[in-house]
Amino acid sequence: MIDNHIDDEFNLAYMRRAIELAKKGTGAVNPNPLVGAVIVKAGRIIGEGYHVRYGELHAERAAFASLADPAEAEGAVMYVTLEPCCHFGKQPPCVDAIIEHKIRKVYCGSDDPNAMVAGKGFRRLRDAGIEVYTHCLKDECDALNDIFFKYIIAKKPYVTMKYAMTMDGRIATHIGASKWITGEASRAYVMELRNRHKGIMAGIGTVLADDPMLTCRIENGIDRDTDNVRNPIRIICDSKLRIPEDSNIVQTAVEIETIVATTPDGAADTAKCDRLREKSVSIIETDSTDGNVDLGQLMDILGGKGIDGILLEGGGELNYSMVSEGLVDEACVFIAPKIFGGEGKYSPVSGTGVDVPADAHMFRLEEVRRFDEDVMLRYKKV
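Residues numbered from 1 in each chain as written. Predicted model: local features only at pLDDT ≥ 70, side-chain atom pairs only at ≥ 80, totals over all residues. Heavy atoms only, no water.

Each assigned domain of the protein is listed here: domain 1 (10-145) and domain 2 (155-379). Counting the surface lost from both domain 1 and domain 2, the interface buries some 820 Å², and carbon and sulfur atoms represent 40% of this. By the criterion of area lost to domain 2, the three top residues of domain 1 are Gly27, Asn30 and Arg53, representing 50% of everything that side buries. Connecting domain 1 to domain 2 are 0 salt bridges. For the pair domain 1 and domain 2, the interface holds 4 residue pairs in polar contact (both at pLDDT 80 or more). In the side of domain 1 that touches domain 2, the residues fall into 6 nonpolar, 3 polar and 2 charged. (Domains from an automatic or database assignment. Buried area = accessible area lost by both parts, 1.4 Å probe. Salt bridge = Lys/Arg side-chain N within 4 Å of Asp/Glu carboxyl O. Polar contact = N/O pair within 3.5 Å; in protein donor to acceptor, adjacent residues only side chain to side chain. Nonpolar A, V, L, I, M, F, W, Y, C, P; charged D, E, K, R; others polar.)

Pasting the structure below:
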């Protein structure tokens, strides 16, 4: 969507370029937003940049740093995907850099809901005599930062529930076999989802059944400090602290940050807690809700630790608990062209369930994508 205040000089291509640049920071900027910026003068791009990694230059300042001659920016136009910041954090205010470089006009996509910005950035620019046009490709720019918007407002993680199932709604065969339901293209996209979210959550049932690693295995998921794949923080919901000490999750905790969330009953096994901590596993104890981890409390704790987004790869019980408590913001449902048949417990979302259709937990279809023979449906909570 284009704001009707945009003038004739606005060029879609430049804002789309800023959006593509912003995406390059995926997985590296959390809990900051993804932002891209392009500087245009006399009909050509003279500078561009994006927020590369948390703590480093913001997109606007990165774009200015890319200029062959900083004086070139005078009288130029800037396209930026998010309202420029006007406060000091790990970096100084971007509005100051825009004013100092004598940019004459700014086109922006998203408003920044951060209370320290929230319109103040635009006001500062306008007060300095710079023309500002907002909501340029707003929907596309907003889509970059679902995670940031939720986290900056609520201080809780944005949760994306992901599961793969057959045409008849099965996540495993009647004997529990589940590798693989979807094809390679779908599984590659899941790695991108893991890279996008700072955390990944599963239940103890998944750990006991599959002994997973829950790592990210893609070439562009790079941590620029170590040149290794950036793995999400692994979060295991384990009410009774049943996690095997020889599991892949525990054995690799020294390399990949790992949290086990448990209840007072689970934490009562102090000897096992100590052994897990010796293996670099962090233990979070929440209140007990019907004998299970208090998921709402857990989200508050994880948000306090700077975990802004979680990819939920739980089993049916954990998925239902998260949905029923209103903690799932988005769902990515992969459907493979297969039928397993049979009876049993292998449903992607199980739990008690609702009594009547009117009580259903409602989501809105946002996207349909095809990955070879698989289909992905992406929904957002209503």
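Now, onward.
Right, let's get into the environment of Ala185. In this structure, Ala185 sits in helix H7 (residues 184-196). For Ala185, a relative accessible area of 25% corresponds to the partly exposed category. Separated by 185 residues in the primary sequence, Ala185 and Arg370 have C-alpha atoms spaced 9.2 Å apart. Other than its neighbours up to four places away in sequence, Ala185 contacts Phe371 and Asp372. (Helix = DSSP H or I, 4+ residues; strand = E, 2+ residues; numbered from the N terminus. Buried < 20%, exposed > 50% of the residue type's maximum accessible area, 1.4 Å probe, protein only. Contact = heavy atoms within 4.5 Å.)

Once that is clear, we can look at the side chain of Thr206. Along the chain, Thr206 falls in helix H8 (residues 204-210). Judged by relative accessible area, which is 16%, Thr206 ranks as buried. Beyond its immediate sequence surroundings of up to four residues, Thr206 is in contact with Asp211, Pro212, Glu313, Gly314 and Gly315.

This part takes up helix H13 (residues 316-324). Of the positions making up H13, those classed as buried are Gly316, Leu318, Asn319, Tyr320, Met322 and Val323. Close packing links the buried residues of H13 with strand E6 (158-165), strand E7 (199-203), strand E10 (233-237), helix H12 (295-304), strand E15 (309-312) and strand E17 (363-371). At the C-terminal side of H13, Gly326 shows a positive phi close to 70°.

Mapped onto the present numbering, the UniProt feature "binding site: Zn(2+)" (unreviewed entry) falls at His58, Cys85 and Cys94. The named residues occupy 37 residues along the chain; their greatest pairwise C-alpha distance, 9.0 Å, places them in one compact cluster. Checked against the element boundaries, His58 lands in the loop between strand E2 (44-50) and helix H2 (59-65). Contact partners of His58, with chain neighbours within four places excluded, come to Asn32, His51, Cys85, Gln91 and Cys94. Tracing the backbone through its elements, the reader meets Cys85 in the loop between strand E3 (77-82) and helix H3 (94-100). Other than its neighbours up to four places away in sequence, Cys85 contacts His58, Pro92, Pro93, Cys94, Val95 and Val117. (UniProt positions renumbered as here; feature names shortened; annotations may be inferred.)

Per the UniProt annotation, the sites labelled "domain: CMP/dCMP-type deaminase" (unreviewed entry) are residues 9-133. Secondary structure content for residues 9-133 is 27% helix and 22% strand, while the C-alpha to C-alpha distance between its ends is 11 Å.

Further remarks concern unusual backbone geometry. Of the consecutive residues Asn30 and Pro31, the connecting peptide bond is found in the cis state with omega at 5°. On the secondary structure map, Pro31 appears in the loop between helix H1 (12-23) and strand E1 (36-41). In this chain, Lys179 is followed by Trp180 through a cis amide linkage whose omega measures -10°. With respect to the helices and strands, Trp180 occurs in the loop between E6 and H7. Although it is not a glycine, Leu137 adopts a positive phi angle of roughly 50°. Looking at where Leu137 falls in the secondary structure, it is placed in the loop between strand E5 (131-133) and helix H5 (138-143). You can call Leu137 buried: its relative accessible area is 3%.

This part takes up the sheet that holds E2. In spatial order, the strands read E2-E1-E3-E4-E5; together these 5 strands make up an open sheet with mixed pairing. The strands lining the two open edges of the sheet, one partner per strand, are E2 and E5. Averaged over all neighbouring strand pairs, the angle between strand axes comes to 15°, with direction disregarded. The strands touched by H1 are E1, E2, E3 and strand E4 (105-110); relative to E1, the strand with the most contacts, the crossing angle is about 145°. (Pairing = 2+ DSSP bridges. Axes fitted to C-alpha atoms, helices over the stretch in contact; angles between N-to-C directions.)

Ranked by size, the top nonpolar core spans 30 residues in total, and within it Ile39, Phe64, Met78, Ile98, Ile103 and Val106 carry the most contacts. Going through the elements one at a time, E1, H2, E3, H3, E4, helix H4 (120-127) and helix H6 (146-154) are the ones with two or more residues in this core. Contact partners of Ile98, with chain neighbours within four places excluded, come to Glu60, Phe64, Met78, Pro84, Ile103, Val106, Leu125 and Ile130. (Core = buried A, V, L, I, M, F, W, Y, C linked by side-chain atoms within 4.5 Å.)

With that out of the way, let us pick up the packing of aromatic side chains. This model, assessed by the stated rule, comprises 9 aromatic pairs. Taken together, the aromatic side chains of Phe10, Tyr14, Tyr79, Tyr107 and Tyr133 make up a single cluster linked through ring pairs. A cation sits over an aromatic face here: Arg187 above Trp180, 4.4 Å from the ring centre. (Phe/Tyr/Trp six-rings, centres within 6.5 Å; stacked < 30°, edge-to-face > 60°. Lys NZ or Arg CZ within 6 Å of the ring centre and 35° of its normal.)

With that out of the way, let us pick up a nonpolar patch on the surface. Where nonpolar side chains cluster on the molecular surface, the patch consists of Leu365, Val368 and Val375 and spans about 240 Å² of accessible area. Within the secondary structure, Val375 is located in strand E18 (residues 374-381). Looking at Val375, the relative accessible area reads 30%, which means it is partly exposed. (Patch = residues over 30% accessible without salt bridge, like charges linked within 9 Å, V, L, I, M, F, W, Y side chains within 5 Å. Areas by Shrake-Rupley, 256 points an atom, 1.4 Å probe, with all protein chains shown as cover.)

Attention now moves to the pattern of salt bridges. All chains considered together, the criterion is met by 19 salt bridges. Across the pair Asp96 and Arg124 runs a salt bridge, and its minimum N-O distance is 2.4 Å. Of the two residues, Asp96 sits in helix H3 while Arg124 sits in helix H4, which places them 28 residues apart along the sequence. Asp329 is the partner of Lys150 in a salt bridge, and the nearest nitrogen-oxygen pair spans 2.9 Å. Of the two residues, Lys150 sits in helix H6 while Asp329 sits in the loop between H13 and strand E16 (330-335), which places them 179 residues apart along the sequence. Judged by its relative accessible area of 11%, Asp329 falls in the buried class. Beyond isolated ion pairs, a larger network of salt bridges with shared partners links Glu330, Glu367, Arg369 and Arg378.

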